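Understanding the architecture of this molecule
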Amino acid sequence: MRGTPRIVIAGVNSGSGKTTISAGLMRALVNRGLVVQGFKTGPDYIDPNCHRWATERPGRNLDTYLMNQAQVQASFCRGAAGADVAVIEGVMGMFDGAGGGGEVGSTAYLAKLLQAPVVLVIDARACARSAAAIALGFRMFDPAVRLAGVICNRVGSEGHAQMLREALESVGIPMLGALHHDAHLRVTEDRLGLALPGGTGSLPGWMERAGELVERHVDLDQVLALANAAGPVVMAEPDPSFAAAAAGRYAGLRIAVGLDAAFWFYYEDTFDLLRHWGVEIRFFSPESDEQLPPGVHGLYLGGGFPERRAGALSANLPMRTAVMAAWLRRLPVLAECGGYLYLLEGLTGEDGVVYPMAGCIPGVARLQPRLQGMGYRTAEPLGIRGHLFHYSRVEGGGGPPAWRLFRSNGEFERADGYRSDHAVASYLHVHHATQPAAMEAFLEQCRRYKEERGNG
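Presented here is a report on the structure given in the accompanying data block. As the structure is a prediction and not an experimental result, all values here were calculated from the model.

Quick look at the pattern of salt bridges
Inspection of every chain in the model, using the stated rule, returns 25 salt bridges. Here K40 makes a salt bridge to D47, at a shortest N to O gap of 3.0 Å. Looking at D47, the relative accessible area reads 5%, which means it is buried. Residues D272 and R60 are paired through a salt bridge, measuring 2.8 Å at the closest nitrogen-oxygen approach.

In structure tokens:
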């Protein structure tokens, strides 16, 4: 299967400008009237949200550590269906992955699995001819990766751009664009992710400006020609989670899913799988709604930024009361990271105040000055893979932990979260469509709840 035309935007390193250029390219192509699908390499949730704004389609993740080859290829084909072109944003530097000695988790490995040409983003603010040496080194490091061109970022002047173009052409690598420094597109990072000037409310304007900049300074026709020249997507095998025999297996179940400014860290593939299984998803806002959706058989709370919204979450006493009431009647609950924090007795907001939360699980989450968990983990007893990224630490908790977490090298790290006969809550983020064991266990609880209590 040839698959949707596609291009990978990779970087020399983190901070090279991949997000700005990827989102700007998506928006520029949308402004041309094309249907564009954005993908992000790795487990990130922030960049896919930028892609959603740019393309007006859900942003999606492709992670070669959490997903096997068949799952990556199936997810790409499923997510890109109906699109004219797919733009895949890389992670870190092009060859950076889950470890220093292998390619799994890297942008380069994903590009090979998808037979996609790669455009390398080089931060050129402090170099000229050396950009050619960088690009040539990246091309030679793994000849199986098709490095098709370069976009230079943070270029100082037209003369600087011309020097870069001549240097790259001298080693046979085309320069597809040169973006000049633009203070309005400056993206920094705070400890919770990308921080745009003016906050998240400035995202639409930032996106349009990025699109205009790419339209002016990148050869979109050449980029589209490269995307159309991508090789076929050779499916290794069918995706077992979406096998025909699994369709409709949980038909009749209804689950409430928290979705608002505090809780939005979800993988679109998870929703694809739930719908494939026949589950009815009922979204609600823990921040602004006063009750859970009626007639649900389970509650799924994903991650997000509850610490940024702690005051508003705490002030919504009717919802906190409704969640506690559902907990006491043993409604099945699956909660990840931010959702776990909401179920605790309290949470430290960014202002340093400890706000009351739902109070279902003992303990208070307090923000720490340093990261408390980051990176891929394997969780026992189910042996599923997930990832961590959190600055808070739960103090005064109790009860059986949800998981025993192991690092990617097999080293035991810690026990994490909280588990009861109807709930699993922890810091671990899981790509449920490709690691379905935890979601299946949750849905089996939901089925038993439905059989025992009807609509609750």
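Brief notes about helix α2 (residues 46-55)
Along α2, eight of the 10 residues are buried, which leaves the element largely enclosed by surrounding structure. Taken residue by residue, α2 has I46, D47, P48, N49, C50, H51, A54 and T55 as its buried positions. Positive phi appears at E56, one or two residues downstream of α2, with a value of about 65 degrees.

Description of the sheet that holds strand β5 (residues 118-123)
Taking strand neighbours across the sheet as the criterion, the seven strands line up as β3-β2-β4-β1-β5-β6-β7 in an open arrangement whose pairing is parallel. At either margin of the open sheet sits one strand with a lone partner, and together these are β3 (60-62) and β7 (175-180). Direction aside, the axes of adjacent strands within the sheet are offset by 25 degrees on average. Against the sheet, helix α3 (residues 69-80) contacts β1 (6-11), β2 (36-41), β3 and β4 (85-89), and its axis sits at roughly 150 degrees relative to β2. Relative to β5, helix α5 (residues 130-141) is tilted by about 145 degrees, and along the sheet it contacts β1, β5 and β6 (147-155).

Looking at the nonpolar core
Here is a general trend for soluble globular proteins: nonpolar side chains tend to be buried in one another's company. L343 and L443 are the most contacted members of the largest nonpolar core, which totals 65 residues. The greatest single-element share of this core, amounting to six residues, is contributed by helix α13 (residues 437-453). Those residues in contact with L443 that lie beyond four places of it in its chain are Y250, L253, I255, L274, W277 and V279. Counting 44 residues, the second-largest nonpolar core is a separate cluster that includes Y65, A111, C152 and A178.

Describing the side chain of S314
Among the secondary structure elements, S314 is positioned in helix α10 (residues 310-315). When neighbours within four sequence positions are excluded, S314 is seen to be in contact with R320, Y355, P356 and M357.

Here we look at the environment of W277
Mapped onto the fold, W277 is located in the loop between α9 (268-276) and β12 (280-284). Residue W277 is classed as buried on the basis of its relative accessible area, which comes to 1%. Along the sequence, W277 and D142 sit 135 residues apart, while their C-alpha atoms lie 40 Å from each other. For W277, the residues in contact, after removing those within four places along its chain, are S241, A246, G248, R249, Y250, A251, P436, M439, E440 and L443.

Some remarks on the packing of aromatic side chains
For the structure shown, the criterion picks out 18 aromatic pairs. Residues Y45 and F265 carry aromatic rings whose centres are separated by 4.6 Å and whose planes lie at 10 degrees to one another, so their mutual orientation is stacked. One end of the pair, Y45, is in the loop between β2 and α2; the other, F265, is in strand β11 (residues 263-265), with 220 residues separating them in the sequence. Exposure class is identical for Y45 and F265. Each is buried. Seen in terms of ring centroids, W264 and F305 are 5.8 Å apart; in terms of plane orientation they differ by 80 degrees. Their pairing is edge-to-face. Of the two residues, W264 is situated in strand β11 and F305 in the loop between β14 (303-304) and α10; the sequence distance between them amounts to 41 residues. Chaining the aromatic ring pairs together yields one cluster made of Y45, W264, F265, Y267 and F305. Between the NZ or CZ atom of R419 and the centre of the ring of W403, over which it lies, the distance is 4.9 Å.

Remarks on the sheet that holds strand β16 (residues 344-348)
One open sheet holds the four strands; their spatial order is β17-β16-β18-β21, and the pairing between them is mixed. Pairing within the sheet leaves two strands with one partner each, and these edge strands are β17 (354-356) and β21 (392-395). Averaged over neighbouring strand pairs, the angle between their axes works out to 25 degrees when direction is ignored. Here four bridges tie strand β18 (residues 361-367) to β21, and the two strands are oriented antiparallel to one another. Across the sheet, the residue bridging to R366 is R393, located in β21.

Quick look at empty space enclosed by the protein
Overall, the coordinates contain one cavity of 30 Å³ or more when judged by the stated rule. The calculated volume of the largest cavity comes to roughly 50 Å³. Around the largest cavity, the lining residues are L334, A335, E336, W403, V424, A425, S426, L428, V430, H432 and A438. Listing elements by their share of the lining of the largest cavity, those giving two or more residues are β15 (333-336) and β25 (423-426). When its residues are assigned to classes, the lining of the largest cavity shows eight nonpolar, two polar and one charged.

Side note on the environment of G302
Structurally, the position occupied by G302 is in the loop between β13 (298-301) and β14. Under the relative-accessibility criterion, G302 is labelled buried at 0%. Residues G302 and L334, 32 residues apart in the sequence, show an inter-C-alpha distance of 8.2 Å. Setting aside chain neighbours within four positions, we find G302 in contact with F263, F265, Y266, E336, G338 and G339.

Some words on helix α8 (residues 220-228)
Burial in α8 covers these residues: L220, V223, L224, L226 and A227. Around the axis of α8, the buried residues are gathered within 160 degrees of arc, so they sit on the same side. Packing partners of the buried residues in α8 comprise β1, α1 (18-31), β4, β6, β7 and α7 (203-217).

Regarding the packing of α1 against α2
The interhelical angle for the contact between α1 and α2, taken along N-to-C directions, is 20 degrees, at an axis separation of 8 Å. Considering the angle they form, α1 stands roughly parallel to α2. For the pair α1 and α2, the sense of crossing is right-handed. Residue-level inspection shows T19, A23, M26, R27 and V30 of α1 in contact with α2, the latter providing D47, H51, W53, A54 and T55. Grouping the constituent residues of the contact of α1 with α2 by class yields five nonpolar, three polar and two charged.

Rules of the game
Residues numbered from 1 in each chain as written. Predicted model: local features only at pLDDT ≥ 70, side-chain atom pairs only at ≥ 80, totals over all residues. Heavy atoms only, no water. Salt bridge = Lys/Arg side-chain N within 4 Å of Asp/Glu carboxyl O. Buried < 20%, exposed > 50% of the residue type's maximum accessible area, 1.4 Å probe, protein only. Helix = DSSP H or I, 4+ residues; strand = E, 2+ residues; numbered from the N terminus. Pairing = 2+ DSSP bridges. Axes fitted to C-alpha atoms, helices over the stretch in contact; angles between N-to-C directions. Contact = heavy atoms within 4.5 Å. Core = buried A, V, L, I, M, F, W, Y, C linked by side-chain atoms within 4.5 Å. Phe/Tyr/Trp six-rings, centres within 6.5 Å; stacked < 30°, edge-to-face > 60°. Lys NZ or Arg CZ within 6 Å of the ring centre and 35° of its normal. 1 Å grid on protein atoms, 1.4 Å probe; cavity = no way out; pocket = protein on both sides within 12 Å on 5 of 7 lines; lining within 4 Å. Points joined across faces, edges and corners; volume = space filled by probe spheres on them. Nonpolar A, V, L, I, M, F, W, Y, C, P; charged D, E, K, R; others polar. Arc of directions from axis to C-beta. Parallel < 35°, antiparallel > 145°, perpendicular 65-115°, else oblique. Left-handed = near helix turned anticlockwise from the far one by under 90°.

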